[in-house]
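# Commentary on secondary and tertiary structure
Here are the chains, one letter per residue:
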Amino acid sequence: MKKSLKIIGIMVIIIGILIGCATIWVNGLMEDQKKTKKTMKIVLKSYDNFNNRVEEFSSIRNEYYQYKEDLYLESLGSKTADWDKFMDEYADTIREVEKASKNLKSNCKIKYGDVNTNSKCTAFKANYEAAMNYYISDVKIYNKLVDEYDEWNKDGKYPKLKKGTFPVYKKYIDFDDDGEKFGSEVEK
């Protein structure tokens with residue numbers, strides 16, 4: 001009788017431990033699900049902000065190419081202040097894209113169980129890489145033009161022109177790790 005009570009006691013303790021472990025595991029799983037859902041909401045909300053910043057970048061980039069079409073060294077000399085201001089604004093838009101990407105960079109490193117969230121992360125990675133590389137290409141092209149302008153303006157007849165800056169990256173990036181630096185081909 002004492003032996004069977006000991007066995008029953010041991011079984012109750014083992015069952016208690018198993019129930020305790022299962023409860024801890026289920027609570028951990030539920031907590032993880034809550035965190036994941038919260039993170040997915042952050043990704044979706046952050047993507048909307050990021051997408052708006054990329055659209056602003058795209059708009060100012062279109063302006064850049066419109067202005068550049070009618071650009072000659074003589075006209076550049078008469079519009080140096082305008083170009084300096086424009087290139088500063090262009091740098092500001094890429095800074096805004098970088099700020100808007102902060103949450104997405106940290107939260108799009110994993111795959112989610114939600115197709116919408118995964119598609120936003122995939123689009124983010126592609127658009128981020130393209131925006132950064134397009135900006136680098138545009139500034140490199142512009143800086144070559146500034147070098148030509150400086151050579152043409154050796155006598156100092158016209159005002160000095162500032163070169164474009166690289167506020168985020170100086171070299172082309174492959175953010176989505178696909179082996180291609182999308183947007184870098186523009187410079188060529």
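Residues numbered from 1 in each chain as written. Predicted model: local features only at pLDDT ≥ 70, side-chain atom pairs only at ≥ 80, totals over all residues. Heavy atoms only, no water.

### Some points on the environment of Tyr-67
- By secondary structure assignment, the location of Tyr-67 is in helix 1 (residues 2-69).
- For the pair formed by Tyr-67 and Tyr-169, sequence separation is 102 residues and the distance between their alpha carbons is 24 Å.
- Apart from the residues within four sequence positions on either side, Tyr-67 is in contact with Trp-83 and Phe-86. (Helix = DSSP H or I, 4+ residues; strand = E, 2+ residues; numbered from the N terminus. Contact = heavy atoms within 4.5 Å.)

### A word on the packing of helix 3 (residues 80-100) against helix 5 (residues 115-152)
- Here helix 3 crosses helix 5 at 160°, and the two axes come no closer than 11 Å. Classified by the angle between their axes, helix 3 and helix 5 sit roughly antiparallel to one another. For the pair helix 3 and helix 5, the crossing hand works out as left-handed. Of helix 5, the residues touching helix 3 (which contributes Thr-80, Trp-83, Asp-84, Met-87, Tyr-90, Ala-91, Ile-94, Val-97 and Glu-98) are Tyr-128, Ala-131, Met-132, Tyr-135, Asp-138, Val-139, Tyr-142 and Tyr-149.
- A class-by-class count of the residues in the contact of helix 3 with helix 5 yields 13 nonpolar, one polar and three charged. (Axes fitted to C-alpha atoms, helices over the stretch in contact; angles between N-to-C directions. Parallel < 35°, antiparallel > 145°, perpendicular 65-115°, else oblique. Left-handed = near helix turned anticlockwise from the far one by under 90°. Nonpolar A, V, L, I, M, F, W, Y, C, P; charged D, E, K, R; others polar.)

### Section: the pattern of salt bridges
- Tallied over the entire structure, the rule returns nine salt bridges.
- With a shortest N-O distance of 2.7 Å, Arg-61 and Asp-138 are connected by a salt bridge. One end of the pair, Arg-61, is in helix 1; the other, Asp-138, is in helix 5, with 77 residues separating them in the sequence. When sorted by exposure, Arg-61 lands in the same class as Asp-138, which is buried.
- Linking Lys-162 and Asp-88 is a salt bridge whose minimum nitrogen-to-oxygen distance equals 3.0 Å. Of the two residues, Lys-162 sits in the segment after helix 5 while Asp-88 sits in helix 3, which places them 74 residues apart along the sequence.
- With relative accessibility at 36%, the residue Asp-88 sits in the partly exposed group. (Salt bridge = Lys/Arg side-chain N within 4 Å of Asp/Glu carboxyl O. Buried < 20%, exposed > 50% of the residue type's maximum accessible area, 1.4 Å probe, protein only.)

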